[in-house]
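Here are the chains, one letter per residue:
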Amino acid sequence: DSGVTQTPKHLITATGQRVTLRCSPRSGDLSVYWYQQSLDQGLQFLIQYYNGEERAKGNILERFSAQQFPDLHSELNLSSLELGDSALYFCASSVNQGGYGYTFGSGTRLTVV
Amino acid sequence: GNSVTQMEGPVTLSEEAFLTINCTYTATGYPSLFWYVQYPGEGLQLLLKATKADDKGSNKGFEATYRKETTSFHLEKGSVQVSDSAVYFCALSVQIGTGNQFYFGTGTSLTVIP
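In every chain, residue numbers begin from 1 and rise along the written sequence. All chains are assigned letters beginning with A, and all ligands numbers beginning with 1, in the order in which they are written. The predicted origin of the model limits local features to residues at a pLDDT of at least 70 and limits the giving and counting of side-chain atom pairs to 80 or more, whereas totals for whole chains, interfaces and linings rest on all residues. To get the side-chain values, take all heavy atoms of the structure and skip hydrogens and water.

Undergrad: In this structure, what is going on with the environment of Arg26 of chain A? I would like to understand it.
TA: Residues and elements named next belong to chain A. Only DSSP runs of H or I covering at least 4 residues are called helices, and only runs of E covering at least 2 are called strands; the numbering of each starts at the N terminus. Mapped onto the elements of the fold, Arg26 is located in the loop between β3 (19-24) and β4 (31-38). Categorising residues by exposure relies on relative accessible area from a 1.4 Å probe, with only protein chains included: less than 20% of the type maximum marks a residue as buried, more than 50% marks it as exposed, and the intermediate range marks it as partly exposed. Arg26 sits in the partly exposed class, given a relative accessible area of 33%. Separated by 59 residues in the primary sequence, Arg26 and Asp85 have C-alpha atoms spaced 26 Å apart. In what follows, residue pairs with any heavy atoms lying within 4.5 Å of each other are defined as contacts. For Arg26, the contacting residues outside a window of four places in its chain are Ser2, Gly3, Val4, Ser93, Val95 and Thr103.

Structure representation (structure tokens):
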């Protein structure tokens, strides 16, 4: 157990729907990062939050949004889902800005049918 | 820009063989370098890191040296075991504005056969 908790572990939904993925960072970590891992795109950075504020943005689609709450947990919202959004979504956390490495959760596998 | 290039797999080795997985990078500024490992069905785990030139990261028999002159961070292990079978990712971390962004390589799948 890495200390980073992601729920749910698996999610199957239809195209056009909206889902919310949840991440609880390791105790004491202030930064949360979201990544998408797919077979054809590899590991893609989506977005980073630090203590509730957005700090860095990667290849995140406009249909996707995220936030970090006062208790430091984070949610990734995916809307108007397409088949191509099927992937593993990882959350990671770090104490500071991540310069010394992240701790990853075990991921949420999203399947869009 | 910032990017990481690592050798393509899959790599198949016999137990006790020597392992090298090549990784080179392009970065602005002064990146930190990392190797992560992903076992089947799990998230990525930090294997080792180096935060400045000439640093050597090591863990579980794996080593990598931050070579600024060749912009490389090759992963090595003298004698691999079946339990080392996994996907290995090279990554760099750079400061972007007030945040920090990681760039991952595409991963190299390693299979060790008895």
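Undergrad: In this structure, what is going on with the state of the cysteines? I would like to understand it.
TA: To count as a disulfide, a pair of cysteine sulfur atoms needs to be within 2.5 Å. Within this structure, the stated rule accounts for two disulfides over all chains. The side chain of Cys23 of chain A participates in a disulfide bridge whose partner is Cys91 of chain A; the two sulfur atoms lie 1.8 Å from each other. Since a negative S-S torsion denotes a left-handed disulfide, the Cys23 of chain A-Cys91 of chain A link at about -55° is left-handed. In this pair, Cys23 of chain A is assigned in strand β3 and Cys91 of chain A in strand β9 (residues 87-94), connecting sequence segments 68 residues apart. Like Cys23 of chain A, the residue Cys91 of chain A is buried in the burial classification. The disulfide partner of Cys23 of chain B is Cys90 of chain B, and the S-S distance across this bridge is 1.9 Å. On the S-S bond that ties Cys23 of chain B to Cys90 of chain B, the torsion sits near -70°, and the link is left-handed.

Undergrad: Please clarify how the interface of chain A and chain B should be interpreted in this entry.
TA: Many structure descriptions define interface size as the accessible area lost when the parts assemble. Across the contact, 20 residues belong to chain A and 19 residues belong to chain B. Buried area, as used here, totals the accessible surface that two parts lose on assembly, with accessibility defined by a 1.4 Å probe and the loss added over both. Between chain A and chain B, a total of about 1,500 Å² is buried, with carbon and sulfur atoms accounting for 56% of that surface. Salt bridges are defined by distance alone: a side-chain nitrogen of Lys or Arg within 4 Å of a carboxyl oxygen of Asp or Glu. At the junction of chain A and chain B, the tally comes to zero salt bridges. If you list the elements that add at least two residues to the side of chain A that touches chain B, you get β4, β5 (42-50) and β6 (53-57) of chain A. We call Asp, Glu, Lys and Arg charged. Ala, Val, Leu, Ile, Met, Phe, Trp, Tyr, Cys and Pro are nonpolar, and the rest, Gly among them, are polar. Split into classes, the residues belonging to the side of chain A that touches chain B amount to nine nonpolar, nine polar and two charged.

Undergrad: Looking at this structure, how should I read the sheet that holds β3 of chain A?
TA: The strands that make up a sheet pair up through hydrogen bonds in the backbone, lying either parallel or antiparallel. All names here are of chain A. Spatially, four strands are ordered β1-β3-β8-β7 in an open sheet, and the strand pairing comes out antiparallel. At either margin of the open sheet sits one strand with a lone partner, and together these are β1 (5-7) and β7 (64-68). Sheet twist, expressed as the mean angle between neighbouring strand axes with direction ignored, is 15°. A pair of strands is labelled paired if DSSP reports no fewer than 2 bridges between them. Two strands pair when backbone bridges link them, and β1 and β3 are joined in this way by three bridges, in the antiparallel orientation. Bridged to Thr5 within β3 is Ser24. Here, axes are lines fitted to C-alpha atoms. For helices the fit covers the stretch in contact, and angles between N-to-C directions go from 0 to 180 degrees.

Undergrad: Help me out: how do you make sense of the packing of aromatic side chains in this one?
TA: Each aromatic ring pair is characterised by the separation of its centres together with the angle its planes make. Under the pairing criterion, centres of Phe, Tyr and Trp rings, with the six-membered ring standing for Trp, must be within 6.5 Å; the plane angle then separates stacked pairs below 30 degrees from edge-to-face pairs above 60, leaving the rest tilted. All told, the structure shown has 19 aromatic pairs over all chains when counted by the stated rule. Joined through ring pairs, the aromatic side chains of Tyr33, Tyr35, Phe45, Phe90, Tyr102 and Phe104 of chain A together with Phe34, Tyr36, Phe89, Phe102 and Phe104 of chain B make up one cluster.

Undergrad: Can you walk me through the environment of Thr70 of chain B in this structure?
TA: Residues and elements named next belong to chain B. One can find Thr70 in the loop between β8 (62-65) and β9 (75-77). Of the residues examined, Thr70 reaches a relative accessible area of 44% and is grouped as partly exposed. Linking Thr70 and Gln95, residues 25 residues apart in sequence, is a C-alpha distance of 21 Å. Any N or O atom pair separated by 3.5 Å or less is treated as a polar contact, with the protein-specific requirement of one donor-capable and one acceptor-capable atom, and with residues adjacent in sequence counted only for side-chain atom pairs. Here Ser72 takes part through its side chain, which lies 2.8 Å from a polar atom of the side chain of Thr70.

Undergrad: What exactly am I supposed to notice about the pairing of strand β11 (residues 108-112) of chain A here?
TA: If a strand is regular, its side chains alternate between the two faces of the sheet. Residue and element names in this part refer to chain A. Burial along β11 is one-sided: the face carrying Thr108, Leu110 and Val112 is buried and the face carrying Arg109 and Thr111 is not. As judged from the four bridges shared by strand β2 (residues 10-13) and β11, these two strands associate in the parallel manner. Within β11, the residue paired with Ile12 across the bridge is Thr111.

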